[in-house]
Amino acid sequence: MVVGEQRKKIIIDTDPGIDDAMAIFVALKSPEVDVIGLTTIYGNVYTTLATRNALHLLEVAGRTDIPVAEGTHKTIMNGTKLRIADFVHGKDGLGNQNFPPPKGKPIEKSAPEFLVEQAKLHPGEITVVALGPLTNIALAVQLDPEFSKNVGQIVLLGGAFAVNGNVNPASEANIFGDPEAADIVFTCGADVIAVGINVTHQVIMTADDRDKLASSNGKLAQYLCKILGVYYSYHLDAYEIEGVYLHDPTTILAAFLPSLFTYTEGVVRVQTNGITRGLTLLYNNRKRFEEVNEWSDKPSVKVAVTVDAPAVLKLIMDRLMES
Ligand SMILES: O=c1[nH]cnc2c1ncn2[C@@H]1O[C@H](CO)[C@@H](O)[C@H]1O
């Protein structure tokens, strides 16, 4: 980074989550960005626990100056039957370590209110990195018609573009968590970058990498090694690999080192019903269709298609191993 250049302001919308913890720590150790807030959402855990974990992680990192705004407990359609992936991250979301409750409290403002406020305060300057279901972001879009114009960029972890999902063959977990919200975000007209599991499945932290992390003196690396066990076990069981996918930390890097990825552009719509509920479908612009369809006249987004996986892994490792 050039000295004197302004750090990019980011807000991380998160459902911590083991890979969320890694992503938050990577962001806090990255000179390119200034984390100006965390907003919380259900997904890997329920929202109440996500808030508790977000506060806890900031205490671990010594960054209690960063505000946490609690997000919604329901889907955009007011659904309360949520799909929670505690089988991936442990009952507590952080590898079943039963950490003591945090001392801090969330701010008064809700996550969508905080997002709207900050985007208005710094028009064009805020990058929202969304690591869970997109309900808070969709609520911000609904709360303020100017939000999609005011927000600088939305970089989201979501979708399975032309590959199988991880909830079922059709659907990736964050989109499946709230498909209606995802469709609102994809079509809201903001500058959106989607990083799907077609890309994040290429970035794997092996068991050897974890040993390297464990042997470093970094405080955050040491903490992560304590919580990573459950995540490794899940991957061994579900994918038969001795490593873990770095979904969230990879997505964080896309927010400020976009040249580590290549992208395609087009309209993305989300299937909201039937057996393919949660499917993300990108129109690749290769054909002019005869009839008007659900993709016609909608704004385009960027979708990551390739990643420099060794460079991304090295950056994540290096930053986590700093003390
Ligand atoms: O198999 C799974 N089911 C549900 N959630 C998962 C699974 N694997 C990973 N994640 C979580 O969902 C996001 C990526 O889709 C990541 O945040 C990851 O922690």
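Being a predicted model, the structure only gives us computed values, none of them experimental.

Time to look at the overall build of the chain. When helices and strands are tallied, the chain shows 13 helices and eleven strands. Relative to the 2.2 N^0.38 estimate, which gives 20 Å for 323 residues, the radius of gyration of the chain is 18 Å and therefore close to what a compact globule would have. Here the C-alpha coordinates of the chain stretch approximately 60 × 45 × 45 Å along the principal axes. Within the chain, counting contacts between residues at least 6 apart in sequence, those at least 24 apart form 83% of the total.

Mapped onto the present numbering, the UniProt feature "domain: Inosine/uridine-preferring nucleoside hydrolase" (unreviewed entry) falls on residues 10-313. End C-alpha atoms of residues 10-313 are separated by 21 Å, and the span's content is 38% helix alongside 18% strand.

Before going further, it helps to spend a moment on the site of the ligand. Asp 19, Ala 85, Asn 166, Ala 173 and His 247 are the nearest of the 14 residues found near the ligand. For the shell around the ligand, the elements supplying multiple residues, two or more each, are helix H7 (173-177) and helix H12 (247-256). Within the shell around the ligand, the residues separate by chemical class into six nonpolar, five polar and three charged.

Attention now moves to the packing of helix H4 (residues 111-121) against helix H5 (residues 135-143). Packing of H4 against H5 brings their axes to within 8 Å, and their N-to-C directions diverge by 60 degrees. Of the possible angle classes, the one that applies to H4 and H5 is oblique. By crossing handedness, the relation of H4 to H5 is classed as right-handed. Where H4 approaches H5, its residues Ala 111, Pro 112, Leu 115 and Val 116 are matched on the opposing element by Asn 136, Ile 137, Leu 139, Ala 140 and Leu 143. Of the residues contributing to the contact of H4 with H5, the split by class is eight nonpolar, one polar and no charged.

Below, the discussion takes up the nonpolar core. Core analysis: the largest hydrophobic core is formed by 103 residues, its most contacted members being Ile 137, Ile 154, Leu 156, Val 185 and Leu 320. Residue contributions to this core peak at eight residues, all from helix H1 (residues 18-28). Ignoring any residue separated from it by four or fewer positions in sequence, one finds Leu 156 in contact with Ala 130, Leu 134, Val 185, Val 192, Ala 194 and Val 195.

We now examine H5. The element H5 is extensively covered by neighbouring structure, given that seven of its nine residues are classed as buried. When H5 is considered as a whole, its buried residues turn out to be Thr 135, Asn 136, Ile 137, Ala 138, Leu 139, Ala 140 and Val 141.

The strand order across the open sheet built from nine strands is E3-E2-E1-E4-E5-E6-E11-E9-E10, with neighbouring strands paired in mixed fashion. A single partner strand is all that each edge strand has here, and the edge strands are strand E3 (68-69) and strand E10 (280-283). Looking at chain direction, strand E9 (residues 261-270) and strand E11 (residues 301-307) are connected through six bridges and run antiparallel. Directly across from Thr 264, in E11, lies its bridge partner Val 303. Running at roughly 160 degrees to strand E5 (residues 153-157), H12 makes contact with strand E1 (8-14), strand E2 (33-40), strand E4 (126-130), E5, strand E6 (192-195), E9 and E11 of the sheet.

Turning next to the environment of Lys 314. If you trace the backbone, Lys 314 turns up in helix H13 (residues 309-321). Counting along the chain gives 105 residues from Lys 314 to Asp 209, while the straight-line C-alpha distance between them is 9.8 Å.

To continue, consider the confidence of the model for the chain. For the chain, the mean per-residue pLDDT works out to 96, and 98% of the residues sit at or above 70. The ipTM value of the predicted complex is 0.94, and its pTM value is 0.97.

Along E11, five of the seven residues are buried, which leaves the element largely enclosed by surrounding structure. Note: E6 against E11, two bridges, orientation parallel. Residue pairing for E11: Ala 194 is matched across the bridge by Val 303.

Here the focus is unusual backbone geometry. Where the residue is not glycine, phi is negative for most of them; where a peptide bond is considered, it is trans in most cases. Cis geometry marks the peptide bond from Pro 16 to Gly 17; its omega dihedral reads -5 degrees. Here Gly 17 shows up in the loop between E1 and H1. If you check the backbone angles, Asn 98 has positive phi at about 45 degrees while not being a glycine. Here Asn 98 lies in the loop between helix H3 (86-89) and H4. Overall, Asn 98 belongs to the exposed group, with 9 C-beta atoms counted inside 10 Å. Even without being glycine, Glu 240 reaches a positive phi, approximately 55 degrees. Locating Glu 240 in the fold gives a position in the loop between helix H11 (219-239) and strand E8 (243-245).

Reading the values: rules and limits
Residues numbered from 1 in each chain as written. Predicted model: local features only at pLDDT ≥ 70, side-chain atom pairs only at ≥ 80, totals over all residues. Helix = DSSP H or I, 4+ residues; strand = E, 2+ residues; numbered from the N terminus. Rg over C-alpha atoms; globule rule 2.2 N^0.38 Å. Contact = placed C-beta atoms within 7 Å. UniProt positions renumbered as here; feature names shortened; annotations may be inferred. Near = placed C-beta within 6 Å. Nonpolar A, V, L, I, M, F, W, Y, C, P; charged D, E, K, R; others polar. Axes fitted to C-alpha atoms, helices over the stretch in contact; angles between N-to-C directions. Parallel < 35°, antiparallel > 145°, perpendicular 65-115°, else oblique. Left-handed = near helix turned anticlockwise from the far one by under 90°. Core = buried A, V, L, I, M, F, W, Y, C linked by C-beta atoms within 7 Å. Buried ≥ 20, exposed ≤ 12 C-beta atoms within 10 Å, placed from the backbone. Pairing = 2+ DSSP bridges. pLDDT = per-residue confidence, 0-100.

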